[in-house]
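# Commentary on secondary and tertiary structure
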Amino acid sequence: MLQGKKKFLSKFIGNSDFYKMVLMIAVPIMIQNGITNFVSLLDNIMIGQTGTEQMSGVAIVNQLIFVYNLCLFGGVSGAGIFTAQYYGQGNHEGVRQTMRFKIWMVAVITIITCILLLGAGDMLINAYLKGEGSAESIHDTLFYGMQYLKIILIGLPAFAMVQVYSSTLRECGQTLLPMKSGIVAVFVNLLLNYLLIYGKFGFPALGVAGAAIATVISRYVEMFIIVIQVYRKRTVYPYVEGIFSTLKVPRALIKKIILKGSPLLFNETLWAAGMAMLTQCYSIRGYSVVAGLNVSNTINNVFNIVFIALGDSVAIVVGQLLGAGKMKEARDTDNKMIAFSVFCCTLIAVIMFCMAPVFPKLYKIDEEAKTLAKYFIMATAFFMPQNAFLHATYFTLRSGGKTIITFLFDSVFIWCVSVSIAFVLSRFTTLPVLGVYIMVQLGDIIKCIIGFILVKKGIWLHNIVE
């Protein structure tokens, strides 16, 4: 019995060298995402000080931009599977070709997004303003949302290029430069927010427009830092040498990336659209729900950095082991990384749950929105270990190129199960919005069971670049 217990523990618990290796990759991602989300929190609080309508308008636009962000993530992730495995082989030309594919992909996504949001932005914002609320509040929210949207679009090209370089560096296990450039960018954003939202030190008080201008400038600062540093240190990043000598990508590689990557692009797009639809369903319960969810989501993002960074680490570490043909080591490493992620997030969830009543008090929004925000945060904390497991499982399947399965596992599930639950409960019952929110989270238990079975079967143990 003792022997069996030791064997069980050794399956899920690594030695000190294992955790050093994982943390060397995960911690820089945590720091970058942590600072980014913490500054986003401060940014959110600053806008929240100007009023509920301003904050709701910005929150709705950010929900739309979130769909774009995840489209980019899905667009570069398909090529990223190949990047990690090519780097594991030591094939720099392969990495170079995947970067070129990413450049084309983000350019197309950014152009389509700008055309769509400029042409139909007001209609999309209005979709979130169907709940109870005065005509004046709804009009003001739409006005502030459109004001923010028109400026924020200017920063999308810079954000797109950052994704090309940052994702490639991370897939090659080089996470420090994206972290450093991200840290500088968020502090630039924070400083400019203070100056331009409130009009400090002689700057004009621009409110929502000031927040958008600060974000745009910080995007370009981040892009220039990361691009300049990469080309200054070509010996550290040899795969960027000659990247723009041609933008042609071999037809055979394009075909392979599209076959593996299209499900990821569609997955991230549909998943983000599903999340936007969930918010729209929740907003049916009242105007204050949008503000409450915005506060909750901003706080959640700060705490979620742990399982997001550990999930990214699964994709990097396991992907490189698969590319090197080390299947047994990949399975063993994956088991330990999933267990580590769930354990860490259980501890984080306890802290988050206890601090939930404090955060909404930082905002100047109505009392109903504050109360809703508190309970949304507590509910999210309760389900954080479940989300950590799901995130690590998703990246495990993706690291082996099982993108059709991740498509079914992620976006098809959210539309068929999560959105269906929210749609039916919000429109055909009188269940309070918090009850609807919790029922949606409980639906993910089905996905946990499916994910556990798929990972245990080892269908993801596959080298796609040999």
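Higher on the page you've got the structure.
As a starting point, this report considers the structure included with it. Since the model is a prediction, treat every value here as computed from it, not as a measurement.

### With respect to the overall build of the chain
Tallying secondary structure elements over the chain gives 16 helices and zero strands in all. In terms of overall dimensions, the chain has C-alpha extents of about 60 × 60 × 35 Å along its principal axes. Counted over contacts in the chain with a minimum sequence separation of 6, partners at least 24 positions apart contribute 84%. Carbon and sulfur atoms provide 70% of the accessible area of the chain, an area that totals close to 19,900 Å².

### Here's the deal with the packing of aromatic side chains
One pass over the structure, following the stated rule, counts twelve aromatic pairs. Judged by centre distance (6.4 Å) and plane angle (70°), the rings of Phe73 and Phe395 are edge-to-face. Taken together, the positions of Phe73 in helix α3 (residues 52-89) and Phe395 in helix α14 (residues 384-399) put the pair 322 residues apart, joining distant regions of the chain. Exposure remark for Phe395: the relative accessible area of 3% places this residue in the buried category. For the ring pair Tyr394 and Phe395, a centre distance of 5.2 Å and an interplane angle of 90° mean the geometry is edge-to-face. The pair Tyr394 / Phe395 is uniform in exposure class, with both members buried. One aromatic cluster in this structure is built from Phe73, Tyr394 and Phe395. The ring of Phe409 has Lys447 lying over it, and the distance from NZ or CZ to the ring centre is 5.5 Å.

### Considering unusual backbone geometry
With phi around 55°, Phe201 is a residue other than glycine that occupies positive phi space. Structurally, Phe201 is set in the loop between α7 (176-198) and α8 (208-232).

### What to know about the environment of Met277
With respect to the secondary-structure elements, Met277 resides in helix α9 (residues 251-283). For the pair Met277 and Ala127, spaced 150 residues apart in sequence, the C-alpha to C-alpha distance is 9.6 Å. With residues near it in sequence (within four places) discarded, Met277 still touches Trp415, Val419 and Phe423.

### Regarding the nonpolar core
One recurring pattern in soluble globular proteins is that nonpolar side chains are buried together. Membership of the largest hydrophobic core comes to 121 residues, with the highest contact counts inside it found for Tyr148, Tyr165, Val230, Tyr239 and Leu310. The biggest single contributor to this core is α3, with 16 residues. Those residues in contact with Tyr148, other than ones at most four positions away along the chain, are Val58, Val61, Asn62, Val208, Ala211, Ala212 and Thr215.

### Remarks on a nonpolar patch on the surface
Side chains of Leu431, Met439, Leu442, Ile445, Ile449, Phe452 and Ile453 sit close together on the surface and give an oily, nonpolar patch of about 590 Å² of accessible area. Here Met439 lies in helix α16 (residues 433-457). Met439 sits in the partly exposed class, given a relative accessible area of 38%.

### A look at the pattern of salt bridges
One pass over the structure, following the stated rule, counts four salt bridges. The partner of Lys336 in a salt bridge is Asp332, with the nearest N and O atoms 2.7 Å apart. A residue pair is termed a helical-turn pair when its members lie 3 or 4 positions apart in one helix, as Lys336 and Asp332 do in helix α12 (residues 327-355) at four residues. In this structure, Glu367 engages Lys370 in a salt bridge whose closest nitrogen and oxygen atoms are separated by 3.7 Å. Here Glu367 and its partner Lys370 are both found in helix α13 (residues 367-382), three residues apart, which amounts to about one turn of the helix. Since its relative accessible area comes to 55%, Glu367 is described here as exposed.

### Thoughts on the packing of helix α6 (residues 156-171) against α8
When two helices pack together, their arrangement is given by the angle between their axes and by how far apart the axes lie. Between α6 and α8, whose axes approach to 9 Å, the crossing angle comes to 40°. Taken as axis vectors, α6 and α8 run oblique relative to one another. You can see that α6 and α8 cross each other, and the crossing is left-handed. Side by side, α6 and α8 meet where Pro157, Ala158, Phe159, Met161, Val162, Tyr165, Ser166 and Leu169 of the first sit next to Arg219, Tyr220, Glu222, Met223, Ile226, Val227, Val230 and Tyr231 of the second.

Rules of the game
Residues numbered from 1 in each chain as written. Predicted model: local features only at pLDDT ≥ 70, side-chain atom pairs only at ≥ 80, totals over all residues. Heavy atoms only, no water. Helix = DSSP H or I, 4+ residues; strand = E, 2+ residues; numbered from the N terminus. Contact = heavy atoms within 4.5 Å. Areas by Shrake-Rupley, 256 points an atom, 1.4 Å probe, with all protein chains shown as cover. Phe/Tyr/Trp six-rings, centres within 6.5 Å; stacked < 30°, edge-to-face > 60°. Buried < 20%, exposed > 50% of the residue type's maximum accessible area, 1.4 Å probe, protein only. Lys NZ or Arg CZ within 6 Å of the ring centre and 35° of its normal. Core = buried A, V, L, I, M, F, W, Y, C linked by side-chain atoms within 4.5 Å. Patch = residues over 30% accessible without salt bridge, like charges linked within 9 Å, V, L, I, M, F, W, Y side chains within 5 Å. Salt bridge = Lys/Arg side-chain N within 4 Å of Asp/Glu carboxyl O. Axes fitted to C-alpha atoms, helices over the stretch in contact; angles between N-to-C directions. Parallel < 35°, antiparallel > 145°, perpendicular 65-115°, else oblique. Left-handed = near helix turned anticlockwise from the far one by under 90°.

Spatial relationships are all this shows, so hold off on functional conclusions.
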